[in-house]
Amino acid sequence: MTLAQSIILGIVQGLTEFLPVSSSGHLLLLEHWMGLPQDQLQDFDVLLHGGTLVALILCYPKEWWRMARAPFTGDRPNIRLLLLLVLATIPGAVAGYFLADIIEGSLRTTGSVGYEFIVNGIILILAERFAQTRSREDTRVVDALLIGCAQALALSPGLSRSALTIAAGRALNFRRRDALDFSFLMATPIIAGATIFAATDIAQGGVLLPSLPVIVAGITSALCASVVAILFLRAFVAKKSLALFAWYLIPMGLLLCFAS
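### Side note on the environment of serine 135
- Looking at where serine 135 falls in the secondary structure, it is placed in the loop between helix 6 (110-127) and helix 7 (141-153).
- Judged by relative accessible area, serine 135 falls into the buried class, the value being 11%.
- Between the C-alpha atoms of serine 135 and arginine 176, which are 41 residues apart in sequence, the distance is 9.2 Å.
- Not counting chain neighbours up to four residues away, the residues in contact with serine 135 comprise Phe174, Arg175 and Asp178.

### Thoughts on helix 1 (residues 3-18)
- When the terminal C-alpha atoms of helix 1 are compared, their 24 Å separation across 16 residues agrees well with the 22 Å that a helix rising 1.5 Å per residue should span.
- Listed as buried for helix 1 are Gln5, Ser6, Leu9, Gly10, Gln13, Gly14, Thr16, Glu17 and Phe18.
- Buried residues in helix 1 make contact with helix 2 (23-34), helix 3 (42-59), helix 8 (161-171), helix 9 (176-203) and helix 10 (212-236).

### Observations regarding the packing of helix 3 against helix 10
- At a minimum axis distance of 7 Å, the contact between helix 3 and helix 10 shows a crossing angle of 45°. As judged from the angle between their axes, helix 3 and helix 10 are oblique. Viewed along their axes, helix 3 and helix 10 form a crossing whose handedness is right-handed. Contacts between helix 3 and helix 10 involve Phe44, Leu47, Leu48, Gly50, Gly51, Thr52, Val54, Ala55, Leu56, Leu58 and Cys59 on the former and, on the latter, Ile215, Gly218, Ile219, Ala222, Leu223, Ser226, Val227, Ile230, Leu231 and Arg234.

### As for the packing of helix 6 against helix 11 (residues 246-259)
- Taken N-terminus to C-terminus, the directions of helix 6 and helix 11 make an angle of 155°; their axes are 7 Å apart at the nearest point. It follows from the interaxial angle that helix 6 and helix 11 lie roughly antiparallel. For the pair helix 6 and helix 11, the crossing hand works out as left-handed. Contacts from Thr110, Gly111, Val113, Gly114, Tyr115, Phe117, Ile118, Asn120, Gly121, Ile122, Leu124 and Ile125 of helix 6 reach helix 11 at Ala246, Leu249, Ile250, Met252, Gly253, Leu254, Leu256 and Cys257.
- Taken together, the residues of the contact of helix 6 with helix 11 sort by class into 14 nonpolar, six polar and no charged.

### So, unusual backbone geometry
- The backbone of serine 22 shows a phi angle near 85°, a positive value even though the residue is not glycine.
- By the element assignment, serine 22 lies in the loop between helix 1 and helix 2.
- Look at serine 22 and you get buried, because its relative accessible area is 1%.
- Notably, asparagine 173 is not glycine yet its phi reads approximately 75°, a positive angle.
- As for its position among the elements, asparagine 173 is in the loop between helix 8 and helix 9.
- Relative accessible area serves as the criterion here: at 25%, asparagine 173 is assigned to the partly exposed category.

### So, the pattern of salt bridges
- Inspection of every chain in the model, using the stated rule, returns nine salt bridges.
- Of the charged contacts in the structure, one is a salt bridge between arginine 175 and aspartate 178, with a shortest N-O distance of 3.2 Å.
- Put simply, aspartate 181 and arginine 234 hold a salt bridge, and the shortest N to O gap is 3.4 Å. Residue aspartate 181 is located in helix 9, and its partner arginine 234 is located in helix 10; the two are separated by 53 residues in the primary sequence.
- You can call aspartate 181 buried: its relative accessible area is 6%.
- Within this structure, Arg136, Arg177, Asp181 and Arg234 form a network of salt bridges that share partners.

### Let's talk about the side chain of serine 22
- Polar contacts involving the side chain of serine 22 include one to the main-chain amide nitrogen of glycine 25, which spans 3.0 Å.
- In this structure, serine 22 is in contact with Thr16, Phe117, Asn120, Pro157, Gly158, Leu159 and Ser160, ignoring residues within four places of it in sequence.

### Overview of the nonpolar core
- Of all hydrophobic cores here, the largest spans 48 residues; its most connected members are Phe182, Phe184 and Leu233.
- For this core, the element with the highest residue contribution is helix 9, accounting for eight residues.
- Not counting the four nearest positions on each side in its chain, phenylalanine 182 is found in contact with Leu81, Leu84, Leu85, Ala88, Arg136, Thr139, Ala144 and Ile147.
- With nine residues, the next largest nonpolar core counts Leu36, Leu41, Phe44 and Leu47 among its residues.

Calculation notes
- Residues numbered from 1 in each chain as written.
- Predicted model: local features only at pLDDT ≥ 70, side-chain atom pairs only at ≥ 80, totals over all residues.
- Heavy atoms only, no water.
- Helix = DSSP H or I, 4+ residues; strand = E, 2+ residues; numbered from the N terminus.
- Buried < 20%, exposed > 50% of the residue type's maximum accessible area, 1.4 Å probe, protein only.
- Contact = heavy atoms within 4.5 Å.
- Expected span 1.5 Å × (residues − 1).
- Axes fitted to C-alpha atoms, helices over the stretch in contact; angles between N-to-C directions.
- Parallel < 35°, antiparallel > 145°, perpendicular 65-115°, else oblique.
- Left-handed = near helix turned anticlockwise from the far one by under 90°.
- Nonpolar A, V, L, I, M, F, W, Y, C, P; charged D, E, K, R; others polar.
- Salt bridge = Lys/Arg side-chain N within 4 Å of Asp/Glu carboxyl O.
- Polar contact = N/O pair within 3.5 Å; in protein donor to acceptor, adjacent residues only side chain to side chain.
- Core = buried A, V, L, I, M, F, W, Y, C linked by side-chain atoms within 4.5 Å.

Written as structure tokens, this is what we have:
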């Protein structure tokens, strides 16, 4: 892998992790078109999420600081939010532990990604049919678990984590901005866990990775692109429907289905 390829992959990872279009699906397609050995790059793809993780902390500093302090200050609202995020992470963590290898082995094809892009688009369209009446403060335990189950479904490479979790929040009648913020906050622990597991595999040896400068370039570009994507979407959802992304997802999915 060249430095330029790493930077491109990092930019695509950073943008598509938050835009509701599937980062794993786009990385798979891009690595395929670049002629890179996809079966040897799964740990590298996860390392790119390290940049995304830093971006999430940088873009939500007040929220994470309040939650970090809450157990020591008795801040009940933020203790509750922290517990809800932990609950929302459980379905994805369990599914990842038991099913990740099976899903990655059977669904990492351009045809599968194409079908799942179409599903993403349809989900985004349907989610806009629900009312916007609830705020993040109204989140219940059952809401967190349901949104967490939506995150677990996004283990499949072509399904977008942000699309499914934001759509789940919208289906529960949360306002777009509140659904988006909860989706992004709950992404932090699951991405942190995946990054730690990838780092553990690398530390144990037997993982083929590019050179250190290539890895650093990819993570840095993922960080910068992630910040841009988060800030853009937080402004975008205040005025526009996320269903607009279906205009890209459905045609692209059909193209991949017919081309595979």
